[in-house]
Amino acid sequence: MKRIEIGPKSLERMNYDAAVLYCFFLEHDSKRSWRLPTVEEYESGTPTIFSYCWYKDDPYASDPSKEQDWYVVPVRDLDDL
């Protein structure tokens, strides 16, 4: 698995599309290139950090009947730097 850096959890809940944009435009500690975690990263992460958070290709994102607002924990790849 790639090495990742975990960013700060968002203070507010948002829908999936807003979560993707949040990561795209986030600058934290002068760092950019944030993204949503993959399902593997999400499932292997600390439950308290990733609880009620979006991950990439989350099935709730494509099912309007299950539309949710969740928090965002952005991650970035360290191996690509």
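Residues numbered from 1 in each chain as written. Predicted model: local features only at pLDDT ≥ 70, side-chain atom pairs only at ≥ 80, totals over all residues. Heavy atoms only, no water.

**Q** Describe in detail unusual backbone geometry, supporting the description with residues and values.
**A** With phi around 70°, Ser-33 is a residue other than glycine that occupies positive phi space. The topology assignment puts Ser-33 in the loop between α1 (16-25) and α2 (39-44). A positive phi is found at Tyr-52, a non-glycine position, where the angle reads about 60°. Along the chain, Tyr-52 falls in the loop between α3 (47-50) and β2 (75-77). (Helix = DSSP H or I, 4+ residues; strand = E, 2+ residues; numbered from the N terminus.)

**Q** Describe the pattern of salt bridges, with residues and values.
**A** For the structure on display, the rule yields six salt bridges. Of the charged contacts in the structure, one is a salt bridge between Glu-5 and Lys-31, with a shortest N-O distance of 2.9 Å. Placement of Glu-5 in strand β1 (residues 4-6) and of Lys-31 in the loop between α1 and α2 is noted, with a sequence separation of 26 residues between them. Here Glu-5 falls in the buried class, since its relative accessible area comes to 18%. Through salt bridges that share partners, Glu-5, Lys-31 and Arg-76 make up one connected network. (Salt bridge = Lys/Arg side-chain N within 4 Å of Asp/Glu carboxyl O. Buried < 20%, exposed > 50% of the residue type's maximum accessible area, 1.4 Å probe, protein only.)

**Q** Give me the lowdown on the nonpolar core, citing residues and values where you can.
**A** Formed by Met-14, Tyr-16, Ala-19, Cys-23, Leu-26, Trp-34, Leu-36, Trp-54, Trp-70 and Val-72, the largest nonpolar core amounts to ten residues. Here Leu-36 is in contact with Tyr-16, Ala-19, Val-20, Cys-23, Trp-54, Tyr-55, Lys-56, Val-72 and Val-75, once residues within four sequence places are set aside. (Core = buried A, V, L, I, M, F, W, Y, C linked by side-chain atoms within 4.5 Å. Contact = heavy atoms within 4.5 Å.)

**Q** Which residues make up the side chain of Asp-77, and what values do they have?
**A** Structurally, Asp-77 can be placed in strand β2. Residue class for Asp-77 comes out buried when judged on its relative accessible area of 15%. Within polar-contact distance, the side chain of Asp-77 engages the side chain of Arg-35 at 2.7 Å. Setting aside residues up to four positions removed in sequence, Asp-77 forms contacts with Lys-2, Arg-3, Ile-4 and Arg-35. (Polar contact = N/O pair within 3.5 Å; in protein donor to acceptor, adjacent residues only side chain to side chain.)

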